[in-house]
Amino acid sequence: MFSAKPYERKFFDAANADYHHDMTYLEPRLTPQTAPLAEGYPAVCIFVNDQANAEVIEQLAQGGTKLLALRSAGYNHVDLTAAEKHGIRVVRVPAYSPYAVAEHTVGLILTLNRKTHRAYARVREGNFELDGLLGFDIHGLTVGVVGTGKIGIEVARIMHGFGCRLLGYDPYPNPAASSFGLDYVELDALLGRADIITLHSPLTPETYHLINEQAIALFKPGAMLINTSRGALVDAAAAIEGLKTGQIGYLGLDVYEEESDLFFEDLSDRIIQDDVFARLLTFPNVVITGHQAFFTRNALLAIADTTLANIHDVAQTGESANEVTAAQVTKP
Ligand code: NAI
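Residues numbered from 1 in each chain as written. Predicted model: local features only at pLDDT ≥ 70, side-chain atom pairs only at ≥ 80, totals over all residues. Heavy atoms only, no water.

Draft legend 1. Highlighting the overall build of the protein. A tally of helices and strands in the protein yields 12 helices and 10 strands. In terms of overall size, the protein behaves like a compact globule, its C-alpha atoms giving a radius of gyration of 21 Å where 332 residues would be expected to give roughly 20 Å. Along the three orthogonal principal directions, the C-alpha set of the protein runs to about 60 × 50 × 35 Å. Looking at the protein as a whole, 49% of its 332 residues qualify as buried. When contacts within the protein are restricted to residue pairs at least 6 apart in sequence, long-range pairs at least 24 apart make up 66% of them. Total accessible area on the protein is roughly 16,300 Å²; 53% of this is exposed by carbon and sulfur atoms. Each charge sign in the protein was given a centre, from 25 positive and 40 negative side chains, and these centres are 5 Å apart. (Helix = DSSP H or I, 4+ residues; strand = E, 2+ residues; numbered from the N terminus. Rg over C-alpha atoms; globule rule 2.2 N^0.38 Å. Buried < 20%, exposed > 50% of the residue type's maximum accessible area, 1.4 Å probe, protein only. Contact = heavy atoms within 4.5 Å. Areas by Shrake-Rupley, 256 points an atom, 1.4 Å probe, with all protein chains shown as cover. Lys, Arg positive; Asp, Glu negative; His and termini not counted. Charge placed at Lys NZ, Arg CZ, Asp CG, Glu CD.)

In structure tokens:
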């Protein structure tokens, strides 16, 4: 297991009592440099910022790896065509806790609105001034949900509870959406009408930089944008311009396009080299968390159990219900 953090090992060790796999935990990320560590291991387990491009897949295949078990729902970091070519099966955890990600999304919305991040710092300094902390009622606002799958639909359900109007955009509408009064519209209409836009679609060639300069120009001035999906859905440089002009009024990110060099590590005594990220940190109306939306004990338990079950299924039967193939991606 690459990128194995102590907090995950606890859950994997506990879940493994039912499966009895022989596990080796490795701290480094999977990269072309670390791939040789996997030599002789039939199954390799990776997370979202591990690299599984064609070069790494070829190295793994040469080392005898037959199965790549993802501890994530997203699989945009895996070259599925290369995996198929080298006879490496890929399994994932399609759903572990949509609630974890949806609730964190709503947490970002509330933080940005009521400026809890600023209030926290002020109160600790003995500053009880309210100026600069003015928020707004979320009740009655229009929330645009881009991608109404397992997570998006949970966000819709929660925001329906807040008394919001809901708009959705998804090439494959979710029948559950009608119970929240969610209206499906075209993407441009959603971007132009929503007060809060929240992204929950996977990263694909179609969604890469879905929120770019042109899309931001369509926003209601001062709209709130939340991304807890994948960083590359948003063109961060365009978002910075949008923040500078006020076209984006609030930005909440749990993911960032270049996050693999930053997230999941303690870099507090280093100089951040990514100037785009550093600029984002300077805005008072930007809140960034380091890909933690999934991070609840419920989710870690489910990730460990499903991952070990996926490996067990492939070892025992040659199949897994959670296999992902290049063909599936082109035909969702
Ligand atoms: P899902 O597969 O249930 O839903 C994704 C939805 O996006 C589907 O309804 C699909 O039709 C839709 N979609 C596909 N192409 C689209 C497009 N071009 N425009 C708009 N919608 C499109 O996936 P789920 O479980 O809801 O997860 C969504 C994403 O959230 C994942 O792909 C992953 O990238 C991200 N995620 C982030 C986590 C975090 O910790 N920040 C944790 C888990 C997932």
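Now that the structure is up, let's keep going.
Draft legend 2. View of the packing of helix H4 (residues 98-114) against helix H6 (residues 150-161). Here H4 crosses H6 at 50°, and the two axes come no closer than 8 Å. In terms of axis orientation, H4 runs oblique to H6. Crossing of H4 against H6: the hand is right-handed. Facing Pro 98, Tyr 99, Val 101, Ala 102, Glu 103, Thr 105, Val 106 and Ile 109 of H4, the residues of H6 in contact are Lys 150, Ile 151, Glu 154, Val 155, Arg 157, Ile 158 and Met 159. Split into classes, the residues belonging to the contact of H4 with H6 amount to 10 nonpolar, one polar and four charged. (Axes fitted to C-alpha atoms, helices over the stretch in contact; angles between N-to-C directions. Parallel < 35°, antiparallel > 145°, perpendicular 65-115°, else oblique. Left-handed = near helix turned anticlockwise from the far one by under 90°. Nonpolar A, V, L, I, M, F, W, Y, C, P; charged D, E, K, R; others polar.)

Draft legend 3. Region of the structure containing the pairing of strand E4 (residues 142-146). Burial analysis of E4 places five of its five residues in the buried class, which makes it a mostly covered element. The alternating pattern of E4 places Thr 142, Gly 144 and Val 146 and Val 143 and Val 145 on opposite faces, both of which are buried. Relative to strand E5 (residues 165-169), E4 runs parallel, the two sharing five bridges. Among the inter-strand pairings, Val 143 is bridged to a residue of E5, identified as Leu 166. Traced from E4 through H6 to E5, the parallel crossover comes out right-handed. Relative to strand E7 (residues 196-199), E4 runs parallel, the two being bridged by four bridges. Counterpart to Gly 144 in the pairing with E7 is Ile 197. (Pairing = 2+ DSSP bridges. Right-handed = clockwise from strand over helix to strand, strands pointing away.)

Draft legend 4. Region of interest: the site of the ligand. Near the ligand, the surroundings consist of 23 residues, among which Lys 150, Ile 151, Asp 170, Thr 228 and Asp 254 are the closest. Contacts to the ligand include Ile 151, whose backbone N or O atom sits 2.8 Å from an oxygen atom. Between the ligand and Asp 170 there is a distance of 2.6 Å, counted from an oxygen atom to a side-chain nitrogen or oxygen. Its free accessible area being 870 Å², the ligand has 86% of it covered by the protein chains. For the shell around the ligand, a count of residues per class yields 10 nonpolar, nine polar and four charged. (Near = heavy atom within 4 Å. Polar contact = N/O pair within 3.5 Å; in protein donor to acceptor, adjacent residues only side chain to side chain.)

Draft legend 5. Broad picture of the sheet that holds strand E3 (residues 89-91). The parallel open sheet is built from three strands, whose spatial order is E1-E2-E3. Either end of the sheet is taken by a strand with one partner, and the two such strands are strand E1 (43-46) and E3. Within the sheet, the average angular offset between the axes of one strand and its neighbour, ignoring direction, is 20°. Sheet strands touched by helix H11 (residues 297-317): E1, strand E2 (67-70) and E3. Its angle to E2, the strand with the most contacts, is close to 160°.

Draft legend 6. Seen up close, the domain arrangement of the protein. On domain assignment, one finds that the protein holds domain 1 (6-96 + 296-330) and domain 2 (98-288). Averaged C-alpha coordinates put domain 1 and domain 2 at centres separated by 29 Å. Opposite the 11 residues of domain 1 that make contact, domain 2 presents 10 residues. Of the roughly 890 Å² buried at the junction of domain 1 and domain 2 (both faces included), carbon and sulfur atoms supply 57%. Ranking the residues of domain 1 by area buried against domain 2 places Arg 29, Asn 49 and Asn 76 at the top, with a combined share of 48%. Here domain 1 is connected to domain 2 by zero salt bridges. Connecting domain 1 to domain 2 are two residue pairs in polar contact (both at pLDDT 80 or more). Here the residues of the side of domain 1 that touches domain 2 sort into six nonpolar, four polar and one charged. (Domains from an automatic or database assignment. Buried area = accessible area lost by both parts, 1.4 Å probe. Salt bridge = Lys/Arg side-chain N within 4 Å of Asp/Glu carboxyl O.)

Draft legend 7. Molecular detail of the packing of helix H1 (residues 6-15) against H11. Contact geometry of H1 with H11 gives a least axis separation of 9 Å together with a crossing angle of 50°. Looking at the two axes, H1 sits oblique to H11. Handedness of the crossing formed by H1 with H11: right-handed. Packed against H1, whose contacting residues are Tyr 7, Phe 11, Phe 12 and Ala 15, the element H11 presents Arg 297, Leu 300, Leu 301, Ile 303, Ala 304, Asp 305, Thr 307 and Leu 308 at the interface. In terms of residue class, the contact of H1 with H11 is made up of nine nonpolar, one polar and two charged.

Draft legend 8. Geometry of the sheet that holds strand E9 (residues 248-253). With parallel pairing, the seven strands of this open sheet are ordered in space as E6-E5-E4-E7-E8-E9-E10. Pairing within the sheet leaves two strands with one partner each, and these edge strands are strand E6 (183-184) and strand E10 (286-288). Across the sheet, H4 touches E7, strand E8 (223-227), E9 and E10, and the angle it forms with E8 is around 145°.

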